[in-house]
Amino acid sequence: MQLDLDFYKEKKVLVTGHTGFKGSWLCKILITAGAKVTGYSLEPPTDPDLFGISGIGEKMDSVIGDIRDIDRLKAVFDRCRPEIVLHLAAQPIVRDSYKDPVYTYETNVMGTVNICECVRQTMDVRSFLNVTTDKVYHNNEWEWGYRETDPLDGYDPYSNSKSCSELVTHSYINSFFNEKGIAVSTARAGNVIGGGDFANDRIIPDCVRAALKKEDIIVRNPYSTRPYQHVLEPLAVYLLIAQKQYQNKEYAGFYNVGPDDCDCVTTGELVDMFCTHWGEGVKWVNQFDGGPHEANFLKLDCSKIKSVFGWKPVWGIDQAIAKTVEWTKAYAAGKDVCKCMDRQIEEFFENKQRP
């Protein structure tokens with residue numbers, strides 16, 4: 001079962017969190033597909049930022065607003081009347097959630113309540129996807145992947161707030177969406193990498209910043225295992241889920257989205273691959289900084305989405321890093337990053353269509 005990007009031509013799609021790293025790539029795909037895209041988000045969260053660099057905002061209806069402001073959010077729904085809603089807006093950094101847990105819960109929990117309430121009150125919406133995280137599960141530090149039926153109980157404020165976001169969505173499905181015929185899913189995605197991620201406290205952006213300064217890369221926990229994947233992998237799945245449940249509500253559900261087991265690597269292995277692709281003698285050092293608790297071992301069981309949709313990853317972790325380095329070096333050299341994004345999107349979806 002393949003994603004049909006032609007499906008999105010002329011579809012009215014609302015994306016929250018559109019100015020972020022994942023949101024920017026998602027809007028780029030939708031614009032290329034001919035969708036009528038409206039975005040609702042705060043100002044870009046980093047400086048520099050992919051949204052501004054790529055000029056995506058010039059080709060869509062970009063609204064700057066806070067997901068906690070339900071009145072402003074509802075006004076945008078009333079104006080654009082979306083058929084499909086993709087909810088990515090969040091406070092996404094674990095360490096930042098320890099620094100400001102109240103803001104994290106307000107954004108990730110009440111923000112989800114607000115988006116669900118707007119979906120409930122908008123007659124045009126047929127397909128709604130809430131993007132959460134692989135960290136929603138109660139983490140037992142075991143070696144096998146978590147399944148969609150495992151308990152939700154994130155440890156830190158970020159992870160826990162996303163567990164709550166899931167529960168809010170489940171309640172709205174049972175209380176309102178089922179009887180209204182709105183197809184709703186959640187997607188629990190693993191860690192993403194790719195060109196244009198300038199966030200703090202993420203390992204690949206940290207690698208990039210160090211490499212550009214010709215400094216050693218500081219790795220605070222080289223033995224932690226995460227399900228890393230290129231950003232286009234989960235975005236393609238989000239679009240596939242939203243498309244299929246729009247066409248047939250039976251596809252609505254809760255889905256893990258992550259790489260194959262062979263691409264669940266330790267942070268040290270990930271940085272080794274980055275150093276190889278970057279070259280120029282860049283290297284890393286192990287320097288644990290005594291930071292707050294984060295899971296050491298985290299892996300997803302993605303057999304459900306493979307079974308339901310026949311999905312499989314396109315780019316393994318090594319190729320994902322190569323594409324990230326390609327984009328970053330183009331950016332550092334002052335080249336046209338929009339063309340680089342277009343080329344990578346085209347290559348990805350061409351490969352995806354092959355049997």
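For the structure itself, consult the block above.
In this report, we go over the structure that sits alongside the text. Computed from a predicted model, the values in this text were never measured in an experiment.

Considering the packing of aromatic side chains
Here is step 1: Taken as a whole and judged by the stated rule, the model has 14 aromatic pairs.
Here is step 2: With a centroid separation of 5.6 Å and an interplanar angle of 10 degrees, the aromatic rings of Tyr 137 and Tyr 146 are classed as stacked. Exposure class is identical for Tyr 137 and Tyr 146. Each is buried.
Here is step 3: Arranged with centres 6.3 Å apart and planes meeting at 65 degrees, the rings of Phe 198 and Trp 327 form a pair that is edge-to-face.

Some thoughts on empty space enclosed by the protein
Here is step 1: With the rule as written, the count across this model stands at two cavities of 30 Å³ or more.
Here is step 2: A volume near 60 Å³ is recorded for the second largest cavity.
Here is step 3: Lining the second largest cavity are Gly 194, Gly 196, Asp 197, Phe 198, Ile 204, Val 208, Leu 212, Thr 324, Trp 327, Thr 328 and Tyr 331.
Here is step 4: When residues of the lining of the second largest cavity are traced back to their parent elements, those giving at least two are helix 7 (203-212) and helix 11 (317-332).
Here is step 5: In terms of residue count, the dominant contributor to the lining of the second largest cavity is helix 11 (four residues).
Here is step 6: Of the residues contributing to the lining of the second largest cavity, the split by class is six nonpolar, four polar and one charged.

Reading the values: rules and limits
- Residues numbered from 1 in each chain as written.
- Predicted model: local features only at pLDDT ≥ 70, side-chain atom pairs only at ≥ 80, totals over all residues.
- Heavy atoms only, no water.
- Phe/Tyr/Trp six-rings, centres within 6.5 Å; stacked < 30°, edge-to-face > 60°.
- Buried < 20%, exposed > 50% of the residue type's maximum accessible area, 1.4 Å probe, protein only.
- 1 Å grid on protein atoms, 1.4 Å probe; cavity = no way out; pocket = protein on both sides within 12 Å on 5 of 7 lines; lining within 4 Å.
- Points joined across faces, edges and corners; volume = space filled by probe spheres on them.
- Helix = DSSP H or I, 4+ residues; strand = E, 2+ residues; numbered from the N terminus.
- Nonpolar A, V, L, I, M, F, W, Y, C, P; charged D, E, K, R; others polar.

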